[in-house]
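Single-letter residue listing:
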Amino acid sequence: MEPFEPDPPPRSPSSLEVHTVDAVDSPEFALLLWSLRSCPVVGLDAEWKPVRSVSRDHHVPPGDGLGRDSPPAAADLLPRSFPTVSLLQIACRFLRKPTDPRVGDSPVFLVDLLSVPLGALWEPLRDMFESPDVIKLGFWFKQDLIYLSSTFSAQGYDPGFDRVEPFIDITSIYYHLKNQHMGKKHPKNIKSLASICKELLNVSLSKELQCSDWSCRPLSQDQILYAAADAYYLLEIFEVFQHKIITKANNTTTIGSEKEMISESNLSVSLTSWPSCGFIFQLDDYLSNIAHSYGDKLLLQESDKRPRTSRRRERKRLTSHVKHTHKLISDEDWQGPPPWDISFGGDGNPKFLCDVMVEGLARHLRCVGIDAAIPSLKKPDPRHLLNQAYKEKRVLLTRDAKLLKYQYLVRNQVYRVKSLLKNDQLIEVIETFQLKISEDQLMSRCTKCNGSFIQKPLTLEEAVVASRGFQVIPNCLFDRNLEFWQCTDCKQLYWEGTQYRNAVEKFVAVCKLND
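Residues numbered from 1 in each chain as written. Predicted model: local features only at pLDDT ≥ 70, side-chain atom pairs only at ≥ 80, totals over all residues. Heavy atoms only, no water.

A. Quick look at the overall build of the chain. Tallying secondary structure elements over the chain gives 14 helices and 13 strands in all. Split into buried and exposed, the 515 residues of the chain put 44% on the buried side. Within the chain, residue pairs in contact and separated by at least 24 positions form 69% of the contacts whose partners lie at least 6 positions apart. Counting every atom, the chain has about 27900 Å² of accessible surface; 50% of that belongs to carbon and sulfur. (Helix = DSSP H or I, 4+ residues; strand = E, 2+ residues; numbered from the N terminus. Buried < 20%, exposed > 50% of the residue type's maximum accessible area, 1.4 Å probe, protein only. Contact = heavy atoms within 4.5 Å. Areas by Shrake-Rupley, 256 points an atom, 1.4 Å probe, with all protein chains shown as cover.)

B. Spatial organisation of the pairing of strand β2 (residues 41–48). In terms of burial, β2 is a largely internal element, eight of the eight residues being buried. Burial along β2 is two-sided: the residues Val41, Gly43, Asp45 and Glu47 and Val42, Leu44, Ala46 and Trp48 are all buried. As defined by bridge partners, β2 adjoins strand β5 (residues 135–138) across three bridges and the pair is classed as parallel. Residue pairing across strands places Val41 opposite Ile135, the latter belonging to β5. (Pairing = 2+ DSSP bridges.)

C. Spatial organisation of the sheet that holds strand β11 (residues 414–416). Pairing is parallel in the open sheet, where four strands are placed in the order β9-β8-β10-β11. With partners counted over all chains shown, the strands left at the sheet margins are β9 (371–373) and β11, one partner each. Ignoring strand direction, the axes of neighbouring strands in this sheet form an average angle of 30°. Bridging between strand β8 (residues 351–354) and β9 involves three bridges; their strand directions are parallel. If you follow Lys351 over to β9, its bridge partner there is Asp371. On top of the sheet, helix α10 (residues 359–367) reaches β8, β9 and β10 (395–398); it is set at about 155° to β9, its chief contact. (Axes fitted to C-alpha atoms, helices over the stretch in contact; angles between N-to-C directions.)

D. Up close: helix α13 (residues 460–467). Taken residue by residue, α13 has Leu460, Ala463 and Ser467 as its buried positions. The arc enclosing the buried residues of α13, seen along the axis, measures out at 60°, which places them on a common side. Relative to its buried face, α13 has exposed residues pointing more than 90 degrees away, namely Glu461 and Val465. Directly after α13, the chain includes Gly469, whose backbone phi takes a positive value near 70°. (Arc of directions from axis to C-beta.)

E. Summary view of unusual backbone geometry. Glu165 connects to Pro166 through a cis peptide bond whose omega is -5°. If you trace the backbone, Pro166 turns up in strand β6 (residues 163–169). Here Arg217 and Pro218 are connected by a cis peptide whose omega angle stands at 0°. Mapping Pro218 onto the fold places it in the loop between α5 (193–201) and α6 (221–250). Even without a glycine there, the phi angle at Lys393 is positive, about 55°. Even without being glycine, Met443 reaches a positive phi, approximately 55°. Among the structural elements, Met443 can be located in the loop between α12 (422–432) and α13. Overall, the relative accessible area of 18% leaves Met443 in the buried class.

F. Main features of the pattern of salt bridges. Following the criterion strictly, the structure yields 14 salt bridges and no others. Salt-bridge contacts for Asp304 lead to Lys142; the nearest nitrogen and oxygen are separated by 3.5 Å. One end of the pair, Asp304, is in the loop between β7 (296–299) and α9 (311–332); the other, Lys142, is in helix α3 (residues 142–154), with 162 residues separating them in the sequence. Given a relative accessible area of 35%, Lys142 falls into the partly exposed group. With a closest N to O distance of 2.9 Å, Asp371 and Arg394 form a salt bridge. In this pair, Asp371 sits in strand β9 while Arg394 sits in the loop between α11 (382–391) and β10, placing the two residues 23 residues apart along the sequence. By the burial criterion, Asp371 is buried, and Arg394 matches it. One salt-bridge network, in which partners are shared between bridges, spans Asp371, Glu392, Arg394 and Arg445. (Salt bridge = Lys/Arg side-chain N within 4 Å of Asp/Glu carboxyl O.)

G. The arrangement of the sheet that holds β6 in detail. Ordered in space as β1-β4-β3-β2-β5-β6-β7, the seven strands form an open sheet in which the pairing is mixed. Each of the sheet's edge strands pairs with one partner strand only, and the pair in question is β1 (18–21) and β7. In this sheet, adjacent strand axes meet at a mean angle of 35° when their direction is disregarded. Where β5 meets β6, three bridges bridge the pair, whose relative direction is parallel. Paired with Gly138 across the two strands is Asp169, which belongs to β6. Along the sheet, helix α2 (residues 118–130) contacts β2, β3 (85–93), β4 (108–112), β5 and β6; its crossing angle with β6, the most-contacted strand, is approximately 55°. Lying over the sheet, α3 contacts β2, β3, β6 and β7, oriented at roughly 70° with respect to β2.

H. Up close: the packing of aromatic side chains. Using the criterion set out here, one finds 17 aromatic pairs in the structure. Ring-pair connections join several aromatic residues into one group, and the members of that group are Trp340, Phe352, Tyr415 and Phe433. Sitting over the ring of Trp122, Arg126 keeps its end group 4.7 Å from the ring centre. (Phe/Tyr/Trp six-rings, centres within 6.5 Å; stacked < 30°, edge-to-face > 60°. Lys NZ or Arg CZ within 6 Å of the ring centre and 35° of its normal.)

Here you go:
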């Protein structure tokens, strides 16, 4: 697949036009209703707070999900239910007319389903979902639709939503762009939305807030940007897809469905003559052909509307509840001492090994001067992780509860991180292991490879020599009297620029070093 970068390039989340809809008498709600009637292409996503099955007496310690000391009877378990959708994201793309409301070409609406009466949304959303004149985009949206339908049905708007048509899944678009026509079947190793965005748009889409509590109000600014970006970049991927179809259709040697779509529309296709933003949406007939050729439909059956429970899994959980409850609770709490303890032959310097689930935590630990390695293999098995931790006298940090069952192999060398966000994880590790952090330690390790810095700083001339063929030093640094530091392992160069100062300020605040 030839690389393609949209023109203009995708916006960063912070520059998106975001409208939060939280009241029916607000201008944002009126603008949403107008957009749902006027927009030919929408990107859809939804957020919710995950729920767990609990016993009727609710004596479940918060956060551990383990239940009571004795296994509850099957009759005591609450029926499984779908999560309640808290936020619906709708990204729209169209070309404005002079008579249209004041709105850009790609507004993103964040519809607060906890604030807006669902009765005011049910009919406009249903009409949009079923309209043949609106192409709906989503990434594995069926689960979102099930939860969304359940949320509305629970409030009396039955049967909720059971059809979305025409619908195009971003995964299907990706495989068309890769010239892998899989039909309705996709490979087992499905690409994540973040991976697809990176490959097609060169955009890094953070999924750090995916499991945050979306039922809390007000939403944080980071949550707002995360939610808006998830829907907006669906439109950008669709634009890449259309660009490829148009390019192939304009190629005189091209034959097939793409060429037919252009000729059938009786339109003169000229990429350079169209507006640079959303030019494709002027072609109503062309979009209709896109929907006809590549569109599918999401249909919810009655079986989709009932939460499923595996009888075997439930039976296994009930019978093993008593056996494992005390063990898991004790294993999740750190009981020390750590392997770097001097009394155990260690050197007294804290050292950690972060598995793939907490790689972001490894970088944060390095930023505050703590030795934090990552696995030496790309896809290590549990035995390899534990073996590396044992040999290097490190504590293995993970969010994978399954690793705890291997605790008997290496005592006091596995700790399950409970927090979800990197800043919270950092504070949790600092407090659990009673690490002493000072401002002098900040940015004292290589964030790229975990190496140490050379003892003596380099001059600009020495840094230029050290960076040849390896790293480019920005021209703006040549007029400044700076010292350069080099990693002894990967040879990466660092200097005290804006990024350095911002990082120091961030971790001073996170670690509360000024308190």
